[in-house]
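# Structural overview for review
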Amino acid sequence: MAGEPELSTQSSPSHRWVTQTASAWLGGNRLGLAVMALVVGAGAGLGAALFREMVFGATWLVTGHDQFGQQGHAASAHLPGLGIWFVLVVPVLGGLLYGPLIYRFAREARGHGVPEVMLAVAENGGRIRPQVTIVKALASAITIGVGGSVGREGPIVQIGSALASTLGQLVRMSESRLRIIVACGAAGGIAATFNAPLTGLFFGFEIVLREFSLDALVATSLAAVTGDLVSRAIFGSAPFFAQIPHGLSVTHDATYLLVVVLAVAAGLIGIGFKTFLYWLEDFVDELWKGRPEWARPAVGGVALGVLLLAVPQMYGVGYPVMNNVIGGHVVVGLIILFLISKVLATSLTLSIGGSGGVFAPSLFIGAMAGMAFGTLVHGLLGSAVGPPALYAVVAMGGVFAAAAQAPLTAIASVAEMTGNFGITLPIMLTCGIAASVSKHISYGSVYTTKLLRRGIDIERPKTTNVLQTLTVADAMQPVSRSAATVRLDSSQDAESDRPRVTDEQWERLAGTVTNTRQPQELFSDETLEHALRQLALYGPSGLPVLSDDREHVQGWITRQNILDVLTHTVQSSEQSIDRGALAADFGADDPSQLAHRSSTPLTGYEIVEITVGANSPALGRRVEEICWPPGCLVVTVTERDARVTSSNDTILREGKRVLLLAPVGARPLPRDPISGPTR
């Protein structure tokens, strides 16, 4: 073969050249990533503004008002003949629209949307199907417009992320960059929706991307700021909850004791909300088993209509109702009714197949809980404890922090959306305690639990940091029972009292002493990273693992033990990635066929595997002696699944497999396949 083979392609059209050039620039340097973040942030901001108007428009078409529910038992201006009974009809009609839409075009648009984005980032390289943007916007607007008691933030996150993923895939960005860009779409959408750039930044990092890097921080910040600027240009710069008092403050240090009590309660309420949501979903799944999914929202709309007939304040997102409550216009008994009804209404809307978020319902539930708590303690202890609105604002963050297990996002959201930066300290205290309570009691957030139910744990230790997450206990081999009972005494006095065994005595007992060394202390709860360092420096043949009191040996650990655990972890991770790819692909009739499809195929080439047999003309020849087809590149030679070499001097023996990167349709030249060596 004359010289090194080269990969050749036919001349590409101009648009392909532009795409390839843009991809190389956008994916290959930080400036390109920053430009993409700005574009995605602006797109997400415009998408958030458009979706907000879509929700208002859908609500107006049904009720005659941009927002509905705060009026109580009121009739629709467009359906006056039905009176308040119209709420029994419109959820069914809406279900007949968005149910088939979701089922036919994008099944991942069902539900609150954020888990699907998290799954795409964690397991699918940031790839989201383009049609999700349109389907999610339409389905969610209809769901909320006909009374679905869900929020706008979940759809906005999925819309912005799907838009970002589509743009990233168009320019063929690498998976690492694509994941960052998807988080940028979520950050820009949240920032634009709530006029809260810090909330968008933390949401993109803490919930969607779930990892930290400088490039991701810069890009996500740019997207959040850009999305917020777009929103400010359209809707103004006032805080999202402009009707909530902005000058709240803590006037007495003893108030923090009440804040701690409220924080624990908020944590329990957040867990309860998540638990009930998925319990009801299981219950509805069991009732609906075997029936067509596209009809589920329409039939379930009957139950939603009955609930709205009883408590019409649960219609839609519910922000006006929340403003009325925090403004002090509702009695405690009704506030508690609103809290319970919101948990039920949101869970029911999502369980019957509706599309919408859980962020706004979490804030609503927290506001009700905090306002009820604040009203009670204010009545019992007087004005020194602060206004009830203070506790409502604080609990808003606490319930979301517990439900989402995302305290940073909760802290930023409450401070920015209400404009109450003066009570950042009690907000931080509440969110931290509530999230800790949730983490201690329940594994998985309101977002990740949806994925856990599909068999996907995106919080599992990754193979990239497994040495920091696994411990010595995961890898050590236990010692025999008799050895474990031997008590160690490593004190200097004991050492001086014990007679030293000489080399001659060891030789008479068992054999020649070839080496002695000082052992190092290792404990079962130490990381494998630390153990590997100690083994490399002090324990080529292994080290003892001591009990916590240093009095007994629990086990023995070697480098091979650690390698075995790493191998098992990698294999488990591969299986999890397979399951994640299957779960992420809603649109395929047989998703198992797509689990390993490359997102950036090398067009025009194929990998060809050739096994050298007993009668092969290449048997006993060197790689360079074979007259391979033009353009083919021998990339490696393997034997029994082990790589041998890719050298031209490799001799091809029976059983060896040759892997070639070959142009599609490549054929051997019409001559003898064996030629003399060409150097």
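Note that the coordinates shown come from a computational prediction; the quantities given were computed from them, not determined experimentally.

Conventions adopted
Residues numbered from 1 in each chain as written. Predicted model: local features only at pLDDT ≥ 70, side-chain atom pairs only at ≥ 80, totals over all residues. Heavy atoms only, no water. Helix = DSSP H or I, 4+ residues; strand = E, 2+ residues; numbered from the N terminus. Buried < 20%, exposed > 50% of the residue type's maximum accessible area, 1.4 Å probe, protein only. Contact = heavy atoms within 4.5 Å. Areas by Shrake-Rupley, 256 points an atom, 1.4 Å probe, with all protein chains shown as cover. Salt bridge = Lys/Arg side-chain N within 4 Å of Asp/Glu carboxyl O. Patch = residues over 30% accessible without salt bridge, like charges linked within 9 Å, V, L, I, M, F, W, Y side chains within 5 Å. Pairing = 2+ DSSP bridges. Core = buried A, V, L, I, M, F, W, Y, C linked by side-chain atoms within 4.5 Å. Axes fitted to C-alpha atoms, helices over the stretch in contact; angles between N-to-C directions. Parallel < 35°, antiparallel > 145°, perpendicular 65-115°, else oblique. Left-handed = near helix turned anticlockwise from the far one by under 90°. Nonpolar A, V, L, I, M, F, W, Y, C, P; charged D, E, K, R; others polar. Expected span 1.5 Å × (residues − 1). pLDDT = per-residue confidence, 0-100.

### Side note on the overall build of the protein chain
The secondary structure content of the protein chain amounts to 25 helices and eight strands. Going through the 679 residues of the protein chain one by one, you find that 49% of them count as buried. Within the protein chain, residue pairs in contact and separated by at least 24 positions form 77% of the contacts whose partners lie at least 6 positions apart. Of the roughly 31600 Å² of accessible surface on the protein chain, 60% is carried by carbon and sulfur atoms.

### Focus on the pattern of salt bridges
Under the criterion given, the structure shown has nine salt bridges. Where Glu293 meets Arg110, a salt bridge forms, and the shortest distance between an N and an O atom there is 3.3 Å. Taken together, the residues Glu293 in the loop between α10 (255-288) and α11 (296-310) and Arg110 in the loop between α3 (86-105) and α4 (114-123) connect sequence positions 183 residues apart. Taking the shortest distance from any N to any O, the salt bridge between Glu624 and Arg622 comes out at 3.3 Å. Residue Arg622 is classed as partly exposed on the basis of its relative accessible area, which comes to 25%.

### Re unusual backbone geometry
The backbone of Asn195 sits at a positive phi, close to 50°, despite the residue not being glycine. In this fold, Asn195 is placed in the loop between α7 (175-194) and α8 (197-209). The phi dihedral of Gln405 falls on the positive side, at around 50°, and the residue is not glycine. In this structure, Gln405 sits in the loop between α15 (388-404) and α16 (407-418).

### Some remarks on a nonpolar patch on the surface
Taken together, the side chains of Leu79, Leu82, Trp85, Val89, Leu93, Leu96, Tyr103 and Trp294 make up a nonpolar region of the molecular surface, amounting to roughly 740 Å² of accessible area. On the secondary structure map, Leu93 appears in helix α3.

### A closer look at the sheet that holds strand β1 (residues 477-478)
With respect to topology, four strands assemble into an open sheet ordered β1-β4-β3-β2, the strand pairing being mixed. Since the sheet does not close on itself, it has two edges, and those belong to β1 and β2 (522-523), each with one partner. Examined bridge by bridge, strand β3 (residues 543-546) and strand β4 (residues 553-557) share four bridges and lie antiparallel to one another. Following the sheet pairing, Leu543 is matched in β4 by Ile557.

### Here's the deal with the environment of Gly72
Mapped onto the elements, Gly72 comes out in the loop between α2 (30-63) and α3. What makes Gly72 buried here is its relative accessible area of 8%. Each C-alpha atom, one on Gly72 and one on Ala310, is 9.8 Å from the other, the two residues being 238 residues apart in sequence. Not counting the four nearest positions on each side in its chain, Gly72 is found in contact with Ile84, Pro312 and Gln313.

### What about the nonpolar core?
Formed by 136 residues in total, the largest nonpolar core has its most connected members in Phe241, Met322, Phe338, Met368 and Tyr447. Of the residues forming this core, the biggest block, 13 residues, is contributed by α15. Filtering out sequence-adjacent residues up to four positions away, Phe241 remains in contact with His246, Tyr319, Met322, Asn323, Leu363, Met396, Met417 and Thr418. Counting 13 residues, the second-largest nonpolar core is a separate cluster that includes Val466, Leu470, Ala531 and Ile557.

### As for the packing of helix α13 (residues 332-351) against helix α14 (residues 359-381)
The contact between α13 and α14 brings their axes to 9 Å, and the two run at 160°. One finds that α13 runs roughly antiparallel with respect to α14. For the crossing formed where α13 meets α14, the hand is left-handed. The segment α13 lies against α14, with Val332, Ile335, Ile336, Phe338, Leu339, Lys342, Val343 and Thr346 engaging Pro361, Phe364, Ile365, Met368, Ala369, Met371, Ala372, Thr375 and Leu376. When grouped by side-chain class, the residues that make up the contact of α13 with α14 number 14 nonpolar, two polar and one charged.

### With respect to the environment of Leu167
Locating Leu167 in the fold gives a position in helix α6 (residues 153-170). Relative accessible area serves as the criterion here: at 26%, Leu167 is assigned to the partly exposed category. With 37 residues separating them in the primary sequence, Leu167 and Pro130 have C-alpha atoms 9.0 Å apart. For Leu167, the residues in contact, after removing those within four places along its chain, are Met36, Val39 and Val40.

### With respect to α2
Helix length check: α2, at 34 residues, gives a terminal C-alpha distance of 48 Å against a target of 50 Å (1.5 Å per residue), a fit within 8%. A positive backbone phi angle near 85° is found at Gly64, which sits one or two residues after α2.

### Here's the deal with the confidence of the model for the protein chain
Considering every residue of the protein chain, the mean pLDDT works out to 81; 81% of them sit at 70 or more. With pLDDT under 50 throughout, residues 586-600 is counted as low confidence; its partners more than four residues away or in other chains account for 16 contacts.

### Remarks on the pairing of β4
For a regular strand, the rule is simple: side chains alternate between the two faces of the sheet. Here β1 pairs with β4 via two bridges, running antiparallel. Bridge assignment links Gln477 to a residue of β4, and that residue is Trp556. Taking the residues that link successive antiparallel strands as the turn, the β3-β4 hairpin has six residues, and the phi of Arg550 there is positive, at about 65°.

### Examining the packing of α2 against α7
Running from amino to carboxyl end, α2 crosses α7 at an angle of 40°, the nearest separation of the two axes being 7 Å. What the angle tells us is that α2 and α7 run oblique. α7 is crossed by α2, and the crossing has right-handed handedness. Contacts between α2 and α7 pair Arg30, Leu33, Met36, Ala37, Val40, Ala44, Gly45, Ala48 and Arg52 from the former with Arg177, Ile180, Ile181, Cys184, Gly185, Gly188, Gly189, Ala192 and Thr193 from the latter.

### Some words on the pairing of strand β8 (residues 657-663)
With seven of its seven residues buried, β8 lies for the most part within the structure. Residues Arg657, Leu659, Leu661 and Pro663 point to one face of β8 and Val658, Leu660 and Ala662 to the other, with burial holding for every one of them.

### Considering the environment of Ala345
Looking at the element boundaries, Ala345 is found in helix α13. Considered as a pair, Ala345 and Leu277 are 68 residues apart in the sequence and their alpha carbons are 9.7 Å apart. When sequence neighbours within four positions are dropped, the list of residues in contact with Ala345 reads Ser149, Leu304, Leu307 and Met314.

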